Amino acid sequence: MKVGLLVRIEAKPEFADEVEAMLRGAQELAEREEGTVTWFAFRENATTFGVFDTFEDEQGRQAHLMGRIAAALGEAAQTKLSAPPVIAPVDLLGVKVS
């Protein structure tokens, strides 16, 4: 794994449960993506969520950004999020997998 994405998602309070359900359901989509090595969705507090995923190369990362999860997040941003998701590409400096 050489590259990743760190995404911060801020839901409108009245849609927080729906955003959580959307992220839980996205796991199945992530498992089908050949270029996605790892995928984590998390909740920081009542309205703040995030996703961290890793890829072997830039091709995998770009394929993920053009995939169904990113499209669903874009749709949710129109009504369920208080701000557009903040998507930060990252380079992995070290990885430990058990």
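Now for a description of the structure that goes with this document. Treat the numbers as computed from the prediction; the structure is a model and nothing was measured. (Residues numbered from 1 in each chain as written. Predicted model: local features only at pLDDT ≥ 70, side-chain atom pairs only at ≥ 80, totals over all residues. Heavy atoms only, no water.)

**Quick notes on the pairing of strand 2 (residues 36-43)**
Pairing geometry for strand 2 and strand 3 (residues 48-55), over seven bridges, is antiparallel. If you follow R43 over to strand 3, its bridge partner there is F49. Turn length for the strand 2-strand 3 hairpin, with the two strands adjacent in sequence and antiparallel, is four residues. (Pairing = 2+ DSSP bridges. Helix = DSSP H or I, 4+ residues; strand = E, 2+ residues; numbered from the N terminus.)

**A short note on the packing of helix 1 (residues 16-32) against helix 3 (residues 68-79)**
In a packed pair of helices, the relevant descriptors are the angle between the two axes and the axis-to-axis distance. The interhelical angle for the contact between helix 1 and helix 3, taken along N-to-C directions, is 155°, at an axis separation of 9 Å. On the basis of the axis angle, helix 1 is roughly antiparallel to helix 3. Contacts between helix 1 and helix 3 involve M22, A26, L29, A30 and R32 from the first element and R68, I69, A72, L73 and A76 from the second. For the contact of helix 1 with helix 3, the class distribution of residues is eight nonpolar, no polar and two charged. (Axes fitted to C-alpha atoms, helices over the stretch in contact; angles between N-to-C directions. Parallel < 35°, antiparallel > 145°, perpendicular 65-115°, else oblique. Contact = heavy atoms within 4.5 Å. Nonpolar A, V, L, I, M, F, W, Y, C, P; charged D, E, K, R; others polar.)

**Examining the pattern of salt bridges**
This model, assessed by the stated rule, comprises six salt bridges. Note that E20 is salt-bridged to R43, the shortest N-O span being 2.4 Å. Taken together, the residues span a long stretch of sequence, with E20 in helix 1 and R43 in strand 2 at a distance of 23 residues. The class of R43 is partly exposed, set by a relative accessible area of 36%. Through salt bridges with shared partners, a single network forms among E20, R24 and R43. (Salt bridge = Lys/Arg side-chain N within 4 Å of Asp/Glu carboxyl O. Buried < 20%, exposed > 50% of the residue type's maximum accessible area, 1.4 Å probe, protein only.)

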